[in-house]
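Observations on the model geometry
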Amino acid sequence: MKIGFIGLGNMGAPMAANLARAGHEVVGFDLAAPCPAGVSSAESAAAAATGAEIVITMLPNGQILRDVANQIIPAMSAGAVFLDCSTVDVDSARAVARQAQEAGLSALDAPVSGGVGGAEAGTLTFMVGGDTAGFEKARPLFDIMGAKAVHCGPSGNGQAAKICNNMILGITMIGTCEAFALADKLGLDRQAMYDVVSTSSGQSWSMTTYCPAPGVGPKSPADNDYTPGFAAELMLKDLRLSQQAAANADADTPLGRHAADLYAAFVEQEGGKGKDFSAMLPRFEKRHRG
Ligand code: NAD
């Protein structure tokens, strides 16, 4: 397939490289980053999109996605697929999809989980919103870049699934970290805490797969001095997107809001920037009640 790829940063570069390695003709564009091996370089976003059957975007936020959409939609051929894999707000995803559909394109929002490691290994999970025909056309590319693609319904639903999942993740990580810090103060050994909770009703992915306590449970960023992994500032981004969506949809999300406030303080005032999101545990360790 002829593929345009716009946004070749930490995630986009390995995703584009995997598509090229699988034999697709990939033309890339980024304002700053170089094209990875196998990907040929275009002069502009519009040039990368011209003549492509699928154009993939992997960009920082909704405003940039809207700007890039304005550049590439007029350059794309009718029937082509606009596949956005960035994590952006639901409103931007739906606005860009509408604009693409009005121009005779298929539009998919397909944010990912799995991080840079998943992008490199081709094991990402895609959460996809948009029309079924577009989803079927993109499926062979999801199979190369990822291990799983779930069609979540119409445009915007991929972003909705992503921010709801990550809202749960932020809340359960905070809960797991504050419980470990309480256990410390009560004299409960961390291994004993893990052994009980990992097989009891307090169990979650944050405990059993990504345990925030070093030396306990499977290997995780906690065992590597909280080097990300999934950086605290990316968790903050997703929690803010979920709060923006909740405000627009008039949904009551008190724990999601509190999680966003805690990660904002952690990232912006307490040295959490650049640390894994599970570094909430050393944050709680240092703190006192009140
Ligand atoms: P990044 O900052 O490394 O890459 C973004 C790239 O977009 C940069 O290279 C930048 O130069 C380029 N760019 C910005 N504006 C542009 C424009 N107008 N035209 C062309 N290129 C432009 O970010 P990333 O870590 O690759 O993340 C990309 C997206 O994936 C984000 O939405 C992020 O939330 C999401 N995401 C990231 C991770 C992760 O672990 N890094 C995990 C899941 C989802």
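The paragraphs below set out a description of the structure included in this document. (Residues numbered from 1 in each chain as written. Predicted model: local features only at pLDDT ≥ 70, side-chain atom pairs only at ≥ 80, totals over all residues. Heavy atoms only, no water.)

Some words on the packing of helix α1 (residues 12–21) against helix α6 (residues 132–145)
The condition is simple: Lines fitted to the C-alpha atoms define the axes, with helices restricted to the stretch that makes contact. Angles between their N-to-C directions range from 0 to 180 degrees. Per the convention used, a helix needs a DSSP run of H or I reaching at least four residues, while a strand needs a run of E reaching at least two, with both numbered from the N terminus. Our angle categories are set so that under 35 degrees counts as roughly parallel, over 145 as roughly antiparallel, 65 to 115 as roughly perpendicular, and the remainder as oblique. In this scheme, a crossing is called left-handed if the near helix is turned counterclockwise away from the far one by less than a right angle; it is called right-handed if the turn is clockwise. It only takes one pair of heavy atoms within 4.5 Å for two residues to be counted as in contact. When residues are sorted by character, Ala, Val, Leu, Ile, Met, Phe, Trp, Tyr, Cys and Pro go into the nonpolar class, Asp, Glu, Lys and Arg into the charged class, and all the rest, Gly among them, into the polar class.
Running from amino to carboxyl end, α1 crosses α6 at an angle of 110°, the nearest separation of the two axes being 9 Å. Looking at the two axes, α1 sits roughly perpendicular to α6. The way α1 lies across α6 gives a crossing that is right-handed. Between α1, through M15, N18 and L19, and α6, the contact on the second element is made entirely by L141, I144 and M145. Here the residues of the contact of α1 with α6 sort into five nonpolar, one polar and no charged.

With respect to the nonpolar core
Here is the rule: Each nonpolar core is a collection of buried residues, namely Ala, Val, Leu, Ile, Met, Phe, Trp, Tyr and Cys, held together in the definition by side-chain atoms within 4.5 Å. Exposure is judged per residue with a 1.4 Å probe applied to protein chains only, and the accessible area is read against the type maximum: over 50% gives exposed, under 20% gives buried, and values in between give partly exposed.
The biggest cluster of nonpolar side chains holds 35 residues, and the ones touching the most others in it are Y263, F277 and M280. Residue assignment for this core shows that the elements contributing at least two residues are α7 (157–185), α8 (190–197), α10 (232–249), α11 (254–269) and α12 (280–285). By residue number, the principal contributor to this core is α7, which donates eight residues. Among all residues touching F277, those that are not within four sequence positions of it are L169, M173, W205, Y210, F230, A231, A232, M235 and Y263. One finds A16, I54, A138 and F142 within the second-largest nonpolar core, a separate group that totals 28 residues.

Quick notes on the side chain of K162
Test applied: The charged-residue count follows a simple rule in which Lys and Arg add positive charge and Asp and Glu add negative charge, with His and chain termini not counted at all. We count a salt bridge whenever a side-chain nitrogen from Lys or Arg sits within 4 Å of a carboxyl oxygen from Asp or Glu.
Within the secondary structure, K162 sits in helix α7. Here K162 is buried and forms no salt bridge, its nearest opposite-charge partner D238 lying at an N-O distance of 4.1 Å.

Looking at the state of the cysteines
In plain terms, the rule: Cysteine sulfur atoms that pair up within 2.5 Å are treated as a disulfide.
For the structure shown, the criterion picks out zero disulfides. You can see C35 has no disulfide; the closest cysteine sulfur is in C85, sitting 17 Å from it. As a non-bridged cysteine, C211 has C177 as the owner of its nearest cysteine sulfur, 8.6 Å distant. Taking the relative accessible area as the measure of exposure, C211 reaches 0% and is therefore buried.

Some thoughts on α11
The cut-off we apply is this: Expected span of a helix, by definition, is 1.5 Å for each gap between consecutive residues, and there is one gap fewer than residues.
Between its first and last C-alpha, α11 extends 22 Å over 16 residues, near the 22 Å set by a 1.5 Å rise per residue. Those residues of α11 lying buried are G256, A259, A260, L262, Y263, A264, A265, F266 and V267. Here the buried face of α11 lies against α7, α10 and α12. Looking one or two places after α11, you find G271, whose phi comes out positive at around 80°.

Observations regarding the pattern of salt bridges
For the coordinates displayed, the defined rule picks out six salt bridges. Ionic pairing is found between R240 and E268, a salt bridge with its closest N-O pair at 3.0 Å. Remark: E268 occurs in helix α11 and R240 occurs in helix α10; sequence separation between them is 28 residues. The exposure class assigned to R240 is partly exposed, which follows from its relative accessible area of 42%.

Here's the deal with the site of the ligand
Note the following rule: We define proximity as follows: a residue is near a molecule or strand when any one of its heavy atoms falls within 4 Å of that partner. Polar contacts, as used here, are pairs of N or O atoms within 3.5 Å; protein pairs need one atom able to donate a hydrogen and one able to accept it. Residues neighboring in sequence count only if both atoms are side-chain atoms. For the area figures, the Shrake-Rupley method with a 1.4 Å probe applies, and any residue is considered shielded solely by the protein chains shown.
Near the ligand there are 23 residues, and of these N10, M11, D30, L59 and K237 occur at the shortest range. N10 is positioned such that a nitrogen or oxygen atom in its backbone is 2.9 Å from an oxygen atom of the ligand. L59 places a polar main-chain atom, nitrogen or oxygen, 2.8 Å from an oxygen atom of the ligand. In the complex, the protein chains occlude 83% of the 840 Å² of accessible area that the ligand would expose alone. For the shell around the ligand, the elements supplying multiple residues, two or more each, are α3 (62–72), α5 (115–121) and α10. Each residue belonging to the shell around the ligand can be placed in one class, and the counts come to 14 nonpolar, six polar and three charged.

Looking at the packing of α10 against α11
With their axes 9 Å apart at the nearest point, α10 and α11 run at an angle of 145° to one another. Helix-helix and strand crossings are classified by hand; for α10 and α11 the assignment is left-handed. In this structure, α10 contributes A232, E233, M235, L236, L239, R240 and Q243 to the contact, and α11 contributes G256, R257, A259, A260, Y263, A264, F266, V267 and E268. Of the residues assigned to the contact of α10 with α11, the class counts are ten nonpolar, two polar and four charged.

Let's talk about the environment of D238
Topologically, D238 is positioned in helix α10. By relative accessible area, which is 5% here, D238 ends up buried. Beyond its immediate sequence surroundings of up to four residues, D238 is in contact with T87, K162, I163, N166 and F230. At 2.7 Å, the side chain of D238 and the side chain of N166 are in polar contact.

As for the packing of aromatic side chains
Operational definition: Two rings from Phe, Tyr or Trp (for Trp, the six-membered ring) form a pair when their centres are within 6.5 Å of each other. A pair whose planes differ by under 30 degrees is stacked, one over 60 is edge-to-face, and the rest are tilted.
Enumeration according to the criterion identifies five aromatic pairs in this entry. Both rings, one in W205 and one in Y210, keep their centres 4.9 Å apart while their planes meet at 25°; by these two values the pair is stacked. Residue classification places W205 among the partly exposed residues on the basis of a relative accessible area of 42%. Accessibility expressed as a relative area gives 11% for Y210, which makes it buried.

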